[in-house]
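Inside the fold
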Amino acid sequence: MRDPSRSGSSLAADVLCQRIAAFRAAAASPLLVALDGRSGAGKSTLAQQVAARTAALVIDGDDFYRGGDDAFWGARGASEKVDLVIDWRRQRSLLTKLSRGETARWRPYDWEADDGRLGEAISAGPAAVVILDGAYSARPELADLFALRALLDLPRAVRRERLLQRERERYRAEWEARWSEAEDLYFETLMPPGSFDLVLDGD
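Just so you know, these numbers come straight off a predicted model, no measurement behind them.

Each helix and strand counted, the protein has six helices and seven strands in total. Secondary structure elements in the protein, listed N-terminal to C-terminal, are α-β-α-β-α-α-α-β-β-β-β-α-β. A compact globule built from 203 residues should have a C-alpha radius of gyration of about 17 Å, and the protein, at 17 Å, falls within 12% of that. Residue pairs at least 24 apart in sequence account for 74% of intrachain contacts in the protein once pairs closer than 6 positions are excluded. Put simply, the protein shows about 10400 Å² of open surface, and 48% of that area lies on carbon and sulfur atoms.

So, in structure tokens, the structure goes:
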């Protein structure tokens with residue numbers, strides 16, 4: 001029976017930490033984990049909870065946003081958006097270094113400027129556990145690098161309410177107009193729940 005005093009993210013953290021511990025007991029090499037899920041699912045909160053218990057290095061997938069204005073994204077279909085929204089090639093280079101136990105260096109997207117520029121360089125690692133946190137993190141192009149690909153699942157109504165509280169109505173409407181079709185394609189066709197090693201209930 002589920003403990004009503006504990007949140008869904010807390011229970012999800014328990015499950016993910018247990019899986020990470022099992023993998024670490026079986027192998028000494030750095031463990032790479034993809035934590036995927038739709039926007040508003042609570043991935044970043046969960047990643048930080050797990051990091052606090054496992055000393056994992058968390059890489060924010062949004063650091064690799066490609067950038068682009070309304071005209072750029074409006075001219076592209078769902079499949080193009082899935083391919084382009086996150087620079088997975090830069091992610092692959094970074095994750096490859098961390099998988100070898102090396103220090104990695106990258107320049108995150110400058111969200112304050114939000115004009116395509118990158119921010120100051122970040123260096124991190126090596127780390128025994130690395131979590132790539134963000135939508136599209138478990139994409140097929142990176143699959144061979146991860147020992148564990150986890151999906152955080154949350155009902156659409158709950159996610160929409162979270163986005164509304166976090167981003168306000170106008171932003172949420174703009175976001176849905178631009179990205180909902182791409183997320184539907186990715187999470188329903190390209191990476192449905194059965195494609196993941198672990199599906200976590202965030203509710």
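Our next topic: the confidence of the model for the protein. In this model, the protein carries a mean pLDDT of 91, and residues with pLDDT of at least 70 account for 93%. Below a pLDDT of 50 lies the segment residues 1-6, which in the model reaches seven contacts outside its immediate sequence neighbourhood of four places, other chains included.

Looking now at the pattern of salt bridges. In total, this model carries nine salt bridges according to the counting rule given. A single network of salt bridges, built from pairs that share partners, joins Arg-38, Arg-156, Asp-184 and Glu-188.

For helix H2 (residues 43-54), spanning twelve residues, the distance from its first C-alpha to its last is 16 Å, which sits close to the expected 16 Å at 1.5 Å a residue. The positive-phi residue at the C-terminal boundary of H2 is Ala-55, with phi of around 60°.

Peptide bonds are trans in most cases, and residues, glycine excluded, mostly fall at negative phi. Cis geometry marks the peptide bond from Gly-125 to Pro-126, where omega comes out at 0°. Structurally, the position occupied by Pro-126 is in the loop between strand E4 (122-124) and strand E5 (129-133). The phi dihedral of Ala-55 falls on the positive side, at around 60°, and the residue is not glycine. Mapped onto the elements of the fold, Ala-55 is located in the loop between H2 and strand E2 (57-60).

Moving on, we come to the pairing of strand E1 (residues 31-36). A large share of E1 lies buried, amounting to six of its six residues. Residues Leu-31, Val-33 and Leu-35 of E1 are buried on one face, and the alternating residues Leu-32, Ala-34 and Asp-36, pointing to the opposite face, are buried as well. Across five bridges, E1 lies against E5 in parallel orientation. By the bridge assignment, Val-33 is partnered in E5 with Ile-131. Pairing geometry for E1 and strand E6 (residues 148-153), over four bridges, is parallel.

Calculation notes
- Residues numbered from 1 in each chain as written.
- Predicted model: local features only at pLDDT ≥ 70, side-chain atom pairs only at ≥ 80, totals over all residues.
- Heavy atoms only, no water.
- Helix = DSSP H or I, 4+ residues; strand = E, 2+ residues; numbered from the N terminus.
- Rg over C-alpha atoms; globule rule 2.2 N^0.38 Å.
- Contact = heavy atoms within 4.5 Å.
- Areas by Shrake-Rupley, 256 points an atom, 1.4 Å probe, with all protein chains shown as cover.
- pLDDT = per-residue confidence, 0-100.
- Salt bridge = Lys/Arg side-chain N within 4 Å of Asp/Glu carboxyl O.
- Expected span 1.5 Å × (residues − 1).
- Buried < 20%, exposed > 50% of the residue type's maximum accessible area, 1.4 Å probe, protein only.
- Pairing = 2+ DSSP bridges.

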